[in-house]
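Structure at a glance
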Amino acid sequence: MSTYAHPEVLVDTGWVASHAKDANVRVVEVDVDTKAYDEGHVPGAIAWAWNTQLCDTLIRDILPKAQFEVLLTQSGIGNDTTVVLYGDNNNWFAAWAFWQLKIYGHKDARIMDGGRKKWLAEGRDLDTAPAKPAPSAIPYKATEPDYSLRAFLPQVQQAQKTASAVLIDVRSPQEFSGEILAPPGLPETCQRGGHIPGARSVPWGKACNDDGTFKPPEELQKLYGAEGVSQSKPVIAYCRIGERSSHTWFVLKYLLGVDNVVNYDGSWTEWGNLVGAPVEKGAAKPAGQG
Amino acid sequence: MKPEHFSERKVDVDGWQVNLTTYQLGDKWHTKADNVSPGATLVRIVADTREDAESIALARAKKLLSRTQRRA
């Protein structure tokens, strides 16, 4: 069996159980459902709320650099700390946090393979009292944002017009086709349903095994390779608000080693609300058909 | 504290797939219902028994899912 391109970014639950309280390790839970942490979490883990702490709460954007530095400093994270992220839904928002850590240049970020689900399924210890680490003595210093990891609307529009990138839509088949405008049970957040013309459909969850861990490299290569992902063409991943696509971005960049892959976090809530934006409806074409 | 009796199963709720995750923590049962694709949590319930936790979660999930409109 081959290995992931960057196996160092994954740790298993056993590693976390042994190292969660190491001085140079900070474990952070990032959930879709921000109440999950309170129910019980990895001993020593802190929590970041994606909807208040990992975004700009005034304008729609990722966390501004200055606030990112404050968050990490207050979390007891220094520039050399090993940050291990995990969360519910097979690490959806853990990947979102990982993406932002890389945008701001954090060197040692890792994801606990299998996330919260695997930890629970294995019956591992849980703490209910929130961890309260002391802030770092030396303030965290982020790099300037690395936007080579992020796609903005003009880049996506250009890529769509010229077919210069592989667009990977990681939402569900029903969202892709336009049958529904939001994940079942959640509020509709766009005016139009469908997908960006030319996009390929690879729902994010296909990258995971039933236990929440990532599929082996051969399976991932087969899955994405069949949809045109390779080193020869840039890849843009998108979903509804950019968090599911950060999961796929992580898989492509760190597990498969695709160099030129970006996360379009504007995603369908941007594209599907744009006046005049081209939209395609209908089910995904079989792999290999354009 | 350790979670016990972890289980996961998929059920159909009015044509939508719902994933029920249940486990016991101490003397309480915790159930989470998510919408499978994409997997976002619909409800999270704590109750005294597995049956109560799952039935309440399913009832609330059903109500939420009824708001989702299918389009042609």
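Residues numbered from 1 in each chain as written. Chains lettered and ligands numbered in written order. Predicted model: local features only at pLDDT ≥ 70, side-chain atom pairs only at ≥ 80, totals over all residues.

1. Focus on the overall build of chain B
On a plain count of helices and strands, chain B comes out with one helix and four strands. Starting at the N terminus, the α and β elements of chain B follow one another as β-β-β-β-α. The C-alpha extent of chain B, read off along each of the three principal axes, is 50 × 20 × 15 Å. Within chain B, the proportion of its 72 residues that are buried is 39%. In chain B, the share of contacts with a sequence separation of at least 24, taken over all contacts with a separation of at least 6, comes to 28%. (Helix = DSSP H or I, 4+ residues; strand = E, 2+ residues; numbered from the N terminus. Buried ≥ 20, exposed ≤ 12 C-beta atoms within 10 Å, placed from the backbone. Contact = placed C-beta atoms within 7 Å.)

2. What about the overall build of chain A?
Looking only at helices and strands, chain A features ten helices and eleven strands. Taken against the 2.2 N^0.38 rule, which gives 19 Å for 290 residues, the C-alpha radius of gyration of chain A at 19 Å falls within 12% of a compact globule. With the C-alpha coordinates of chain A rotated into their principal frame, the extents come out at 50 × 45 × 35 Å. Long-range pairs, those at least 24 residues apart, make up 76% of the contacts in chain A between residues at least 6 apart in sequence. (Rg over C-alpha atoms; globule rule 2.2 N^0.38 Å.)

3. Section: the sheet that holds strand S10 (residues 235-238) of chain A
All names here are of chain A. Ordered in space as S9-S8-S10-S11, the four strands form an open sheet in which the pairing is parallel. Of all strands in the sheet, those bounded by a partner on one side alone are strand S9 (200-201) and strand S11 (261-264). By the bridge criterion, two bridges tie strand S8 (residues 166-169) to S9 in an arrangement that is parallel. Paired with Asp169 across the two strands is Ser201, which belongs to S9. Relative to S11, helix H9 (residues 243-255) is tilted by about 175°, and along the sheet it contacts S8, S10 and S11. (Pairing = 2+ DSSP bridges. Axes fitted to C-alpha atoms, helices over the stretch in contact; angles between N-to-C directions.)

4. Observations regarding the interface of chain A and chain B
Contacts between the two partners involve 28 residues from chain A and, on the opposite side, 23 residues from chain B. Put simply, the parts of the chain that give the side of chain A that touches chain B at least two residues each are helix H4 (88-103) and helix H5 (115-121) of chain A. Of the residues contributing to the side of chain A that touches chain B, the split by class is ten nonpolar, ten polar and eight charged. (Nonpolar A, V, L, I, M, F, W, Y, C, P; charged D, E, K, R; others polar.)

5. A word on the nonpolar core
If you look at the biggest cluster of nonpolar residues, it comprises 78 residues, and the most contacted ones within it are A:Leu85, A:Ala97 and A:Ile236. Ranked by the residues each element gives to this core, the list is headed by H4(A), at ten residues. Inspection of this core shows a minimum of three residues originating in each of domain 1 (7-146) and domain 2 (150-271) of chain A. Sequence-distant contacts of A:Ile236, defined by excluding residues within four places in its chain, comprise A:Ala151, A:Val156, A:Ala159, A:Ala165, A:Leu167, A:Val262 and A:Tyr264. Ranked by size, the runner-up nonpolar core spans 13 residues in total, among them B:Val13, B:Val18, B:Trp29 and B:Val43. (Core = buried A, V, L, I, M, F, W, Y, C linked by C-beta atoms within 7 Å. Domains from an automatic or database assignment.)

6. Details of the domain arrangement of chain A
Residues and elements named next belong to chain A. Parsing chain A into structural domains produces domain 1 (7-146) and domain 2 (150-271). Summarising the inter-unit geometry, the C-alpha centres of domain 1 and domain 2 are found 23 Å apart. Looking at the side of domain 1 that touches domain 2, the elements with two or more residues in it are H4 and H5. Among the elements that make up the side of domain 1 that touches domain 2, the one with the highest residue count is H4 (nine residues). Classifying every residue of the side of domain 1 that touches domain 2 gives ten nonpolar, four polar and three charged.

7. Focus: the pairing of S11(A)
Of the two faces of S11(A), the one carrying A:Val261 and A:Asn263 and the one carrying A:Val262 and A:Tyr264 are both buried. Where the polypeptide runs from S10(A) across H9(A) and back to S11(A), its parallel neighbour, the crossover connection is right-handed. (Right-handed = clockwise from strand over helix to strand, strands pointing away.)

8. Brief notes about unusual backbone geometry
The backbone phi angle of A:Asn90 is positive, close to 55°, even though this residue is not glycine. Note on placement: A:Asn90 falls in helix H4. Backbone geometry at B:Asp14 places phi at a positive 50°, although glycine is not the residue there. By secondary structure assignment, the location of B:Asp14 is in the loop between strand S1 (4-13) and strand S2 (16-25).

9. Notes on the pairing of strand S3 (residues 28-34) of chain B
Residues and elements named next belong to chain B. In terms of residue burial, S3 counts as a mostly covered element, since six of its seven residues are buried. Relative to S3, S2 is paired through seven bridges, and the arrangement is antiparallel. Its bridge partner being in S3, Leu25 is matched across the sheet by Lys28. Following S2, the chain reverses through two residues before pairing antiparallel with S3; Gly26 in that reversal takes a positive phi of roughly 65°.

10. Details of the environment of A:Ser148
Along the chain, A:Ser148 falls in the loop between H5 and helix H6 (153-162). Considered as a pair, A:Ser148 and A:Leu126 are 22 residues apart in the sequence and their alpha carbons are 38 Å apart.

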